[in-house]
Structures are given as C-alpha cells and as structure tokens.
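Inside the fold
Letter by letter, the chains look like this.
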Amino acid sequence: MNSSVIFLERSRIFRYNVLHNLTFLRHMGGGPRTFPGGLNKWQWKRLHEKQAREKEKRLLDQEKQLYQARVRSEIRSKLANPNSSQHEQDTNSPNYKPLSPKEHIKVLADRFMKEGAEDLWNEADGPIHSPSRQDIARIESTHNPINLRRLVSGQNQITSNQLSEVSSAFSYNQLKPRHYSAFLHPGNQYGLLKARHYSVRTSRFTYRKSNSSSSEDDDTDEDEAFLMTKRKDVALKAPRLSLIGASDGEDTINDDVKGKGNGKKMMMSSAALGKYDIKKTKRIPLKFLEEEDDPSLHVQAIRNEFNKRRMAEKDIAVGDDDSILSPKRFDEYNASPLTIKALNLAGYVQMTKVQDATISACLEGQDALVKAKTGTGKSAAFLLPNLIKHKQLPAIETVLKASTTDAKKRVPPTCVLILCPTRELASQIAAEANVLLKYHEGIGVQTLVGGTRFKVDQKRLETEPCHIVIATPGRLLDHIENKSGFSSRLMGLKLLILDEADHLLDLGFRKDMEKIVDCLPRQRQSLLFSATLPKEVRRVSQLVLKRDHAYINTVGLGPETHDKVNQSYIIAPHEQHFQIVHHLLKDHIAQTPSYKVIVFCTTAMMTSLMFSLFREMKMNVREIHSRKPQLYRTRVSEEFKEAKQLVLITSDVSARGMNYPDVSLVIQVGVPVDREQYINRLGRTGREGKGGEGIMLLAPWEEYFLEEIKDLPVHKSSSPHLDPDMKLKIDKSMEKVDPSVKEAAYHAWLGYYNSIREIGRDKTTLVELGKGFSESIGLEKVPALFRKTALKMGLKDIQGIRIRK
Ligand SMILES: Nc1ncnc2c1ncn2[C@@H]1O[C@H](COP(=O)(O)OP(=O)(O)OP(=O)(O)O)[C@@H](O)[C@H]1O
C-alpha cells in the first residue's frame, strides 16, 4: 500500500477511536461520583478528553513524520537512480538493495553531514531499539575508535564489528545524526555544544547501568549554567567514542567528503528535497509514547559530570587540612604599600582561601558569585578583591584610582556600593573598610541604614566624601527615590557587592533589589558573596551578574558547616523549651570560663520574652532584635563583640555576617526558617577555623526540619534531666514578665508558625499548639487577634481563636 494511504488510514482510525471515547464519556450516567484527586465528574471527563486529544495529536505527528521521512527516501532514491523505471518507483521500493558494510557507513555519513539535515534519521537507516547491557558495555570498551572521516573518504577498511558498533550507536539514539554532523563541523560553536550533549547521553547509559534510583531534577539550572559556561572545555575533551581523530581539521573533513565521494552519494540540495528537506519537529520514537523517558536519569548524569569537572577545574579543594588560610600572602600582589601596611596592622598577612580565589577571579574584571563557609574572611575578600593593578580595579583599589581622577569634581561619585541585609552588618563592614583604609586619607566610607534619621544621612552625603557606600536595601532605595541627586552619584559606580547575596535575592528583598539594580550603570563589576547559595538563588543571581560570571566555591562538595563545630539537636515538648535553654546555659557557663553564647529565637517578640525571663532570673543576658531602637542595638552589638562572658538572646538580625569573636555556643530555639538560616546562625561560632558548638532545640512537630539538614553532621542529643524545683522557679519568674510581652510573643508565635508551610497548613492543629504555648508562658486566656489579622492568617473561623471585639 502506498505510504500516504497508510498515513491517512491510520489517522482516520485514531480519530475514530478518540471520537468513540468522547461519545462514551458524553453518555456516561449521572449520579454523584468521586474521582481520584477530588475531581468531580465533569473535571474528570475534561481531563480525559484533554489527554485523548494530546495523545491523538502526538500519534498523528508521528505518523506525519514517518510519512515525510518515507517521501524523502523516495525522492532521494529517484534522484540517485534517475534511470529506474516508473514502475519501480511507484511500487514504493526505493533502491533498498543490500549495501556492503562500507557503503552503509558511507550512506549514513553522507546523509547526515549535510548542514540542516541533522534530523533526517528514520527507520530505513537501521533498527531503532533499546541498547542491551552488553551493547553498552561493548561500546564503552571500544579501544579502537573508528575514524568515520576516513571511512567517508574511502581510506579506511572497516570490520563488520566496527560497523555494527557505529550502527548501534546511531540506533541507540546515543549518537544521533546531529552529533555526527557536529563532529564533521568542529569549528562550529553549535557543533561543540552538541558534542557535549553526546558525551552526556553516553554517560547517561553508564548511569543506568549502575544506579536505579535518584531523581534530583532540581539540578537543572546548575547544569544549564554549566552547559553554557563549559562549552569550550567540553569540546576539548573528546567523547568516549571518539569518532574523529583529534587532529582532523574542519576543511580537510569537508574536502574529503566532497572530493572523494562516489557518484551515487545521496547528497542533494535543499531544492531537490523540497519541503521535505528538513524535519520541522523531532520524531519521537514510538516506544517513548508509552514509556516516557525519565528526565531524572539525564539530570543525574549531567550532575555527575558537572561534579567531576567542578572538582577538577573550578573548585578550590578544601582538602584534608581544615585551615581557612591559603599559602598566598597579601604582599605577593602589587597592592599599594599603604594597603599592605593597613592589612599588616589588622593582622592579615596570609590570605584566606576565599580571598585568594576571589582576587584571582577578579583580575580580569569578571563578575563573580562566591560561596565560602561562615567566618572565612569574605568581607575582606570583597573589600580587597583586586590587589594587582589591572584594567579593572575593584573595591578599595578602584576607589584609590577613581579618587585621583575625580579629585577635582565637587561631589565625587560613589564608586563602590556594598549591600547587606542588616544594619549591624553594614556597620561592621564599614568598620572593616575603615581599618583597611587607615592610611588612605580622603576616601570616604558611609553607611545608609534604617533606624537613623534620613535628613542626617542626606546632610552627611552632601558634606562628606562617600566613595564607598554600605547600605541596607530599604534605606538605599529611599535615597534613590528621594530626588536629592543621590541616584546621579551612583552613575559613576564601578563595583557592586552583595554580601549575604542569597538573603538579598530572597523574596523579602527581591523587589527592592530589582529597583536598585535598575538604577545602577550596566558597566560595572558585580560580586556576590554568601556562605549558602541555594540553586534558586543561583538562578536569580542573573539579575545582578553578567552571564559569563565566575562561580567560586571554596566549600567544595562536603558539608557547608565547619568540622570543628559540634552540632546536635534535642527534641522536647515546646512547653519545656525555656527550662531546657536555661539548663543548657547553666551547664555551659559552668564548664566554659570564657563563655560567649548566642541564643536564636524565632521572632523578635519571642526574643524579648526569653530575654525578659532570663533577666528576671538574674542571668547575664542581652537582647538584640528589630523592635529595639537602633542605638540600643548598636550598643549591645559592640558590647557583645568585646565581651568575654555574656549571653546574647537574639532574633535573626544577628544570624548573618555578624562577626562576634570567640562565640563558644549557639543555641537555636524552634525551627529556623530554612536550611540556609540554620547554617548561618550556626556560623556565628567556629569562626576563623576555631572550634565551637551548636545545639538546636525542636518540638516534636518541628522534627520535619531534620530532613532539610540531613546531609549535615548533626547528631541527636537526649533531652536533659529537668529539675522540678527549677521549673517552679522559672514559672515564678515568668509570672513577673509583663503580660503585654507575653501576648505579643503569642501573636508573633502564631504568625511565624502560620507562615511555615509544614506547620501552618493545618490551621486547627496550629491553633491547638498555639494554645499550648500560651498556657506554657502563663497566660490564662489565649490572647485575642484583630479580626483583620485573623482573616489575613486564615484563622478567623478556626476553633480556639479569639477575635478582638
Ligand atoms: N587574611 C586574614 N587573615 C587573618 N584573619 C582574617 C583574614 N581575613 C579575615 N580575617 C578574620 O576572619 C574573621 C571572619 O571574617 P568575616 O567576618 O569576613 O567572615 P565571613 O566569611 O564574611 O563570615 P560570614 O559568612 O559569617 O559573613 C574576622 O575576624 C576577620 O578579621
């Protein structure tokens, strides 16, 4: 039967089947029925109709493609045998006489080397079947690569074994025609990328052999970025089946093919093949229609390859030595002597690994995304990135240069903008910048942070130099949007730095960040730093970074926390948490003469409550959270920096970046917002390669969080034995705490856990747990909520919620 007739006939059958199914559904009896996924009858019906339509479309597409492939074959055979009789051509037997192995290879090669004909593969070229294990092993163990180019030119003798390997490679879809064509055009950049594609597919099969499960499909972005940036490197590394010798050049290949092919070669112009020349859509092998290919296998293969390369090329191996220092010294670079002098005075002689890596990447003025563990010197890494005098000089060296050229300008532009999430961190960075600029007079460092008077900021900006601005996003945006001319000063910006970049690019700051970046000149260098960089953040970092930025990762493949920090968790009912924290503090203070402890609470008001309780109990505690005036926060922060024996109760305002020296213990009470916050909070101890301890205290219903940190070395500790007398003492002290603090803590508690997906989605349980908390802090009645608040939180009609009259 003519192929076009087959195609039309099959299409008719499929259409009939689908219509039949639809008619059946239409006449399906009524009556209430529940369908999987909570769908009603009509939703269920529509879903099936949609699926049927999609299936029909896919099958028709496939039929169409097969039909077109056949027509192409016919045209080709006609052109190859112009003298064949009309009858022969009509019988749909296009020159299928047996080919010798050599001819077969030639035909394959000639067909697919033509540019634009990459997807001309069809069944006529050989069987399409899944590779057996033996087939894969055979291909992988091929030690005598076949030189296809030579084959095409007729210079090589081929064994039937080799032929079947090549055929298999084509038919497995591992080595698709397009890959082959890519090899034939090695100068073509696109081709290089495809060569990479081929090698990945090969390793995919390797993976299939050895692994059966894993679906880490969330790696796609990393891998995409990898594909983009690694194109060149990959091309240099020959694929395992090395079909063409590495020394073969593009011209020679084309010459060979053109000059030495025989007359019957099926190389035809596009015009000859007409509209059938190029397949518009890629044909889906039939088997995949029923059994979809598992993308996780591709992802895993790409991930393996990515990790291998990352280890080999980009990452700085942390190695066995746990030191944060690199062997390089600051004075090995061509920095200004004044900078070196200031560095030495600050005690910086050797660079840390992240400083070394960042400086190297910055030599060419490249943008960089830098991941390094907490307390390893990232601040100095972005304040002093480029000590070598080069065409682009970031940070302080940039300023040095710019300040000489702009000396005559009335208001010199701001050259460096450093953004960070908290006010304390901005002050800390400014202090470090001032230390490093000690001997550079005339270079101004200013902080723009919330909690201070806007007018004071403005006056300072007008009267004092501000080559380096260190700001929190909100206040910076206020200055940009206030038409005081500050945004025009930013037009001279050379370097943008985001400290705690993942947090700044997080949803909470994202909108502000977008507005800020829009106001900055595009011609700038951008450096992003963090101890934690989840994949989502790596994707959105494109908002700030150029596409070809460097990714510096000094963490490597191990855990993001320090080995020298002992991590544990305790699971206990949340009513016991105050007493357990008290117990842990007492224990630690008794054992550690120079104790310095940070206790992290979930919210500002919980911090305030815990602080009030321990102050009542005459403990040596301080508090920092967002509800405190800025002056108070700054004073406490400075005090804790200098202190030798002190406990700081804090919210997450101290979780990131704060460099409090020699913190001996970090306690986290309640579940952190995410894994990144856990790591950053813990990172307040064990800084500069020193030791430390971290304890997390969770209620049984917060235990789910352990899954998020399962790759970190956190071990379970048993709940300490609690003294009943101490419980009475704590209850008594709690009674003395201002009820308004307790009420506010309850509201904050409810708000926090309501916002956590794992806990907040079951509102009834949430309210029940909240009631327990309210009782544990000595409130007689559950505090009432404003109607509006309850509505917003989705709690209005939940039993146990009281609404304020
Ligand atoms: N080259 C160096 N030599 C000696 N000490 C250094 C060096 N660089 C930085 N430090 C010190 O290391 C400590 C930690 O530095 P820093 O606060 O910059 O860490 P970080 O990586 O930014 O931490 P976080 O991730 O918590 O923000 C600081 O006390 C700093 O003075």
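Residues numbered from 1 in each chain as written. Predicted model: local features only at pLDDT ≥ 70, side-chain atom pairs only at ≥ 80, totals over all residues. Heavy atoms only, no water.

**Digging into the pattern of salt bridges**
Side-chain pairs of opposite charge can arise whenever the charged atoms involved come near each other. Enumeration over the complete set of coordinates arrives at 25 salt bridges. Glutamate 54 is the salt-bridge partner of lysine 50, the closest N and O atoms lying 4.0 Å from each other. Taken together, the residues lysine 50 and glutamate 54, both in helix H2 (residues 41-80) and 4 residues apart, mark about one turn of the helix. Given a relative accessible area of 47%, lysine 50 falls into the partly exposed group. Classification of glutamate 54 by relative accessible area gives partly exposed; the value is 40%. Residue aspartate 652 pairs with arginine 681 through a salt bridge whose shortest N-O separation is 2.7 Å. In this pair, aspartate 652 sits in the loop between strand E13 (646-650) and strand E14 (665-669) while arginine 681 sits in helix H30 (residues 675-682), placing the two residues 29 residues apart along the sequence. Since its relative accessible area comes to 22%, aspartate 652 is described here as partly exposed. For arginine 681, a relative accessible area of 0% corresponds to the buried category. When salt bridges with common partners are traced through the structure, they connect Lys371, Glu560, Arg675 and Asp711 into a single cluster. (Salt bridge = Lys/Arg side-chain N within 4 Å of Asp/Glu carboxyl O. Helix = DSSP H or I, 4+ residues; strand = E, 2+ residues; numbered from the N terminus. Buried < 20%, exposed > 50% of the residue type's maximum accessible area, 1.4 Å probe, protein only.)

**Side note on unusual backbone geometry**
Here the phi dihedral of glutamate 500 falls at roughly 55°; this positive angle occurs in a residue that is not glycine. Inspection of the secondary structure puts glutamate 500 in the loop between strand E7 (495-499) and helix H24 (501-504). Its identity as a non-glycine residue notwithstanding, glutamate 688 has a phi of 55°, on the positive side. Looking at where glutamate 688 falls in the secondary structure, it is placed in the loop between H30 and strand E15 (692-698).

**Notes on the sheet that holds strand E16 (residues 714-716)**
In spatial order, the strands read E12-E13-E11-E14-E15-E10-E16; together these 7 strands make up an open sheet with parallel pairing. In this open sheet, the two edge strands, each paired with only one partner strand, are strand E12 (621-624) and E16. Averaged over neighbouring strand pairs, the angle between their axes works out to 20° when direction is ignored. Of the pairings in the sheet, the one linking E12 to E13 comprises 4 bridges and is parallel in character. By the bridge assignment for E13, isoleucine 624 is matched with threonine 650. (Pairing = 2+ DSSP bridges. Axes fitted to C-alpha atoms, helices over the stretch in contact; angles between N-to-C directions.)

**Quick look at the confidence of the model for the protein chain**
This prediction gives the protein chain a mean pLDDT of 73; 61% of its residues lie at or above 70. Within the model, the stretch residues 139-293 combines pLDDT values under 50 with 254 contacts to residues more than four positions away or in other chains. Within the model, pLDDT remains below 50 along residues 308-320, and this stretch shows 25 contacts once partners closer than five positions in the same chain are excluded. Prediction confidence for the complex, expressed as pTM and ipTM, is 0.63 and 0.99 respectively. (pLDDT = per-residue confidence, 0-100. Contact = heavy atoms within 4.5 Å.)

**Some words on the environment of histidine 562**
Relative to the helices and strands, histidine 562 resides in the loop between strand E9 (550-553) and strand E10 (565-571). Residue classification places histidine 562 among the buried positions, given a relative accessible area of 11%. Measuring from C-alpha to C-alpha, the distance between histidine 562 and lysine 373 comes to 7.5 Å, with 189 residues separating the pair along the chain. Those residues within four positions of histidine 562 in sequence are excluded, and the remaining contacts are Lys373, Thr374, Thr376 and Gly686.

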